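Residue strings, one per chain:
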Amino acid sequence: MALNAETIPMRWPAGPLDIARGEKVKGFTAETAEVLRKWQDPASLALVQGTPINCLVVSWGADAAQQQALKPLVEKGKQAGLEFVGLIEGEANMPAAVAAAKAAGLSAVAMEGDAPANAGIPVIPWNKAAQVRSTSSFPILGVSDGVFPGLPQAASQAGGPTNLPWVDSNGAPLLITRALAPDKTVWIGFAPPAQAKLAAEAYVLAVADPASHGARWVISLDDQLRADLAAKKQPAADTWKKLIDTVSFFEQHKELRGYQPSGLLAVMSSFAGPNFETGEEAVNLLPRLRQPFRVIARSRAASASFAGLQAIFYVDKEAPDAALRKKLMAFVADGGTLFVPSKWPNPEGAPAPAEPYLLYNMRKVGKGRLAVCKEDQPDPYDTVADIQNIMSHRTDILRLYNAPSSNFLYETTAQGKQGVIHLLNYSRRPGGDGPVFFVKEPHKSARLVSPELASPAELQWVPQETGGAELTLPRLSVYGAIEMEK
Amino acid sequence: MRQDMTRRQLLAGAGAGASALLARPAWSRAVTAPAGKVTVGKCKTYGPELIPTLEKMFDQLGGLSGLVKGKTVAMKVNFIGVRSQRLGSALMEDTFWSHPKMIGAMVHVLGKAGAKRIRVVEGPWSTTESLEEVMYSMNWKPQDILSAADNVEFENTNYLGRGKKYSRFMVPSGGIIFPGYDLNHSYEDCDVFVSLAKLKEHAATGVTLSMKNVYGTTPITIYGQDAGVDEPSIRPHGGRGNVMHFASRPPSKSAPQQMDLTLPKDAGFRLPRIIAELNSARVVNLAVIEGIKTATGCETNYGNPNRPQAAINPGVIIAGTNAVATDAVGMAVMGFDPLAEKGKVPFARCDSTLAFGEQLGVGIRDLKKNEILGVPISEVVFSYPAMMEKLLAAQKKA
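In this text, all values refer to a predicted model and were calculated from it rather than measured experimentally.

(A) Quick peek at the packing of aromatic side chains. Under the criterion given, the structure shown has 22 aromatic pairs over all chains. Here the aromatic rings of Tyr-357 of chain A and Tyr-159 of chain B are separated by 5.0 Å at their centres, their planes lie at 80°, and the arrangement is edge-to-face. Of this pair, Tyr-357 of chain A sits in the loop between strand 14 (350–352) and strand 15 (360–365) while Tyr-159 of chain B sits in the loop between strand 4 (152–156) and strand 5 (167–170), each in a different chain. On the accessibility criterion, Tyr-357 of chain A (13% relative accessible area) is buried. By relative accessible area, which is 4% here, Tyr-159 of chain B ends up buried. With centroids separated by 5.5 Å and ring planes inclined at 80°, the aromatic side chains of Phe-79 of chain B and Trp-140 of chain B adopt a geometry described as edge-to-face.

Written out as structure tokens, the structure reads:
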């Protein structure tokens, strides 16, 4: 089996390279080193036997000792049908490492930067989200700097300017990467916090956060769990089972990977250079405002459909080329609202009345509005809050109540007949009240699927006096998806 | 008198022996609080019975025309807290918030009584959004309120809004915590100030009725956690806890400052005094407490699921010409003693806002000294303490 969209990867730290790296980290113990030695033993592969995991990502380099140490593991694993990817990081002699990977029979290597020509082995570009490249023809693209999802450990869990507790999510980089490279399967790497002893729910969320955003986490265990699994301790086995059950859950619902983010607002950017930070911040903040949206990569905007959009937030400091500007202004003339930065040259239309406190000057263009930011460096939260304010809640298609530590992602099929709302609870424990969704458009049915439920639960629509209907969900610890059909 | 106490501390009731001083502070005797006229009405739903009930109640008070005819009215409604946090699946307006039909009915009767202009005001949590937008976000139809009378408008008073400058309201007696407050212009523009509250308990002040509703007039741009240091911020961010509850930062320097920085930084101490000051500085001319549908168990559980709450339907409205008197009747309807002091429910951990209202000359909390009309209180009592007992028992059983 070659690596493809069905490949389910797991980080498999083992061998002298990982031990040497670990020894440079404070808190690394002899016990941890011993576990890494155990994990290079082919017998350790029993852990993934019978699970959906079919690919192990091992540390790789030009270092012969590492190659030799992993040889039995790779050979045994391949016999068992496992794929191996060599993750090359901080390697001075890249060509030697790549050649060694090919010689060792690895399926691919993952490495920073552009894939080298004629590597002789598939290369997975493995870059930070801000430098995601899609030049490789390989169907998998890596994001190396994911965050372990949850509530921030250091920061206060109290509400910030968004009123709701901040959450660490991989949603923004993954939505951006999907927009930049829609034909790729995205893998994202992140490790559990150092010296953390994580509850099973932490791993359920670590799987669900990327999976609900159409990507795959390169599963990575904390040192303690790895040690406890090696020692066959029951709590560790229970945690592992929950993790695997969650992976299996998303495999059973893999049709959802074909759905696309949906909303009345689109965030458009090159997501390159200085534009990345501004664009990513908007994509990070909009879920906290409960604003459904989709992301359009500027490089693909010429062919992108604006159908169903009420507004577009054009993020980039530099103006679009003439063709894209013409397309954007046609969208405005037809009734849309376009939000642009302060440097937008020669704004179209005539000034229109606007509340003075807003960050945007409004201009009337045809049936629509051009909103030009008043400030060169506007506050990111105020920016998206004003965009939502100007768009108006009158047109909200979804609203979420009672889930302050949760984000949701709304996606639909291409025809829009089926929709799904992914709900992720970053607190990893059920709230006091069950989440409630308001859905504006009528649907025939709604059912809740979740790794926390033995079977799907039909949800009851409660029509609202002023239109729309509400769905009340049971309290969820981590994740549930509402599958809806019109 | 302790030699190490300032006069202000003495007046504020701080320090050892404070409770004894609190009961009879010397300065309070100098202020004569007016008695009030309060009426009680039964109303089980927000349906057709609502407007006739209100009209009958206001007739019992002597009619609204004398109060509002030809006048500009500001009606402060109650949109407390983070709007996405509901009590289970119950709608916000059926628990913590003013109900849109109640707001519409009030606007209708005020308009019918001849109000020249009616401005519905509130400072919803941490947003520059207009009240219309807030209502849309709750799936309400603000046009139903706007069309309930002529010249109806909304204003979010959590910031400068449509005004050019903030209006200053000084506490006539000099105040205890703050000598005065800077508020949105709407509170100065109006001839008549209506507090439309909900019949609720509150974690920090025991009850939240028509007096506590006035607390929400303080703009977040001056009294919020991210308020400007020297001048008000442009946009409201966050809540009032840092400045008002805990004094961990002062309001913007442009506003009147706390007079004695040694006073306790405890919400149970500060809020009753601050609320009484606000009610003294911007007097409520018509207090209305809606208890048709509401919630028991504090108005929000602050994320603590162990504090039991329940949506309830007491089916009662209380209205009066004096906020302290109206709140006293409200407390009696809730099954509390309006004369309760600190240490007794609902003021287990806080001072009585009503007591400070009385001491600042706003009104009288003794039911016998006010004129109470309409349905007898005994017929509409909905005991919040009994409900809490029931909820706690159910929680224990679960």
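From this point, the discussion proceeds with the structure in view.
(B) Structural view of the packing of helix 3 (residues 50–60) of chain B against helix 5 (residues 100–112) of chain B. Residues and elements named next belong to chain B. Between helix 3 and helix 5, the shortest axis-to-axis distance is 10 Å and the interhelical angle comes to 50°. In this view, helix 3 runs oblique relative to helix 5, as classed from their interaxial angle. Regarding helix 3 and helix 5, the two cross each other, and that crossing is right-handed. Contact residues: helix 3 offers Leu-50, Ile-51, Leu-54, Glu-55 and Phe-58, while helix 5 offers Lys-101, Met-102, Ala-105, Met-106, His-108, Val-109 and Lys-112.

(C) Molecular detail of the packing of helix 9 (residues 274–285) of chain A against helix 11 (residues 380–391) of chain A. All names here are of chain A. Packing of helix 9 against helix 11 leaves a shortest axis separation of 10 Å and a crossing angle of 60°. One element, helix 9, and the other, helix 11, form an angle in the oblique class. In the packing of helix 9 onto helix 11, the handedness of the crossing is right-handed. Across the interface between the two elements, Glu-281, Ala-282 and Leu-285 of helix 9 pack against Pro-380, Tyr-381 and Val-384 of helix 11. When its residues are assigned to classes, the contact of helix 9 with helix 11 shows five nonpolar, no polar and one charged.

(D) Representation of the confidence of the model for chain B. All names here are of chain B. Across chain B, the average pLDDT comes to 91, with 90% of residues at or above 70. Here residues 1–11 scores under 50 on pLDDT; set against residues more than four positions off or in separate chains, the count is 18 contacts. Across residues 13–30, where pLDDT falls below 50, the model places 24 contacts with residues more than four positions away in sequence or in other chains. Both scores are available for the predicted complex, with the pTM at 0.93 and the ipTM at 0.91.

(E) Structural context of the domain arrangement of chain A. Residues and elements named next belong to chain A. You can read the domains of chain A as domain 1 (9–252), domain 2 (264–395) and domain 3 (398–485). Of note, the centres of domain 1 and domain 3, computed from C-alpha atoms alone, are 30 Å apart. Domain 1 puts 23 residues into the contact, and the matching count from domain 3 is 18 residues. Of the roughly 1,600 Å² buried between domain 1 and domain 3 on both sides combined, carbon and sulfur atoms contribute 72%.

(F) Highlighting the nonpolar core. With 197 residues, the main nonpolar core has Met-10, Trp-12, Leu-221, Tyr-360 and Ile-482 of chain A as its most contacted residues. Contacts of Ile-482 of chain A, omitting those with residues within four sequence positions, involve Gly-419, Val-420, Ile-421, Phe-437, Ala-446, Arg-447, Leu-448, Leu-459, Leu-471 and Leu-473 of chain A. If you look at the next biggest cluster of nonpolar residues, it comprises 50 residues, including Val-77, Ile-103, Phe-154 and Val-288 of chain B.

(G) Summary view of the pattern of salt bridges. Residues and elements named next belong to chain A. In this structure the tally under the stated criterion is 39 salt bridges over all chains. Its salt-bridge partner being Glu-89, residue Arg-21 comes within 4.0 Å of it at the nearest N-O pair. Here Arg-21, found in helix 1 (residues 16–23), pairs with Glu-89, found in the loop between strand 3 (83–88) and helix 4 (94–103); they are 68 residues apart in sequence, far enough to count as distant. Take Arg-21: its relative accessible area is 26%, and that puts it in the partly exposed class. Between Arg-298 and Asp-316 there is a salt bridge whose closest N-O contact spans 2.7 Å. One end of the pair, Arg-298, is in the loop between strand 11 (293–297) and strand 12 (311–314); the other, Asp-316, is in the loop between strand 12 and helix 10 (322–333), and 18 residues separate them in sequence. Among the residues examined, Arg-298 registers a relative accessible area of 23% and is labelled partly exposed. Given a relative accessible area of 0%, Asp-316 falls into the buried group. Among the charged side chains, a salt-bridge network with shared partners connects Glu-6, Arg-216, Glu-251, Lys-254 and Arg-257.

The rules behind these values
Residues numbered from 1 in each chain as written. Chains lettered and ligands numbered in written order. Predicted model: local features only at pLDDT ≥ 70, side-chain atom pairs only at ≥ 80, totals over all residues. Heavy atoms only, no water. Phe/Tyr/Trp six-rings, centres within 6.5 Å; stacked < 30°, edge-to-face > 60°. Helix = DSSP H or I, 4+ residues; strand = E, 2+ residues; numbered from the N terminus. Buried < 20%, exposed > 50% of the residue type's maximum accessible area, 1.4 Å probe, protein only. Axes fitted to C-alpha atoms, helices over the stretch in contact; angles between N-to-C directions. Parallel < 35°, antiparallel > 145°, perpendicular 65-115°, else oblique. Left-handed = near helix turned anticlockwise from the far one by under 90°. Contact = heavy atoms within 4.5 Å. Nonpolar A, V, L, I, M, F, W, Y, C, P; charged D, E, K, R; others polar. pLDDT = per-residue confidence, 0-100. Domains from an automatic or database assignment. Buried area = accessible area lost by both parts, 1.4 Å probe. Core = buried A, V, L, I, M, F, W, Y, C linked by side-chain atoms within 4.5 Å. Salt bridge = Lys/Arg side-chain N within 4 Å of Asp/Glu carboxyl O.

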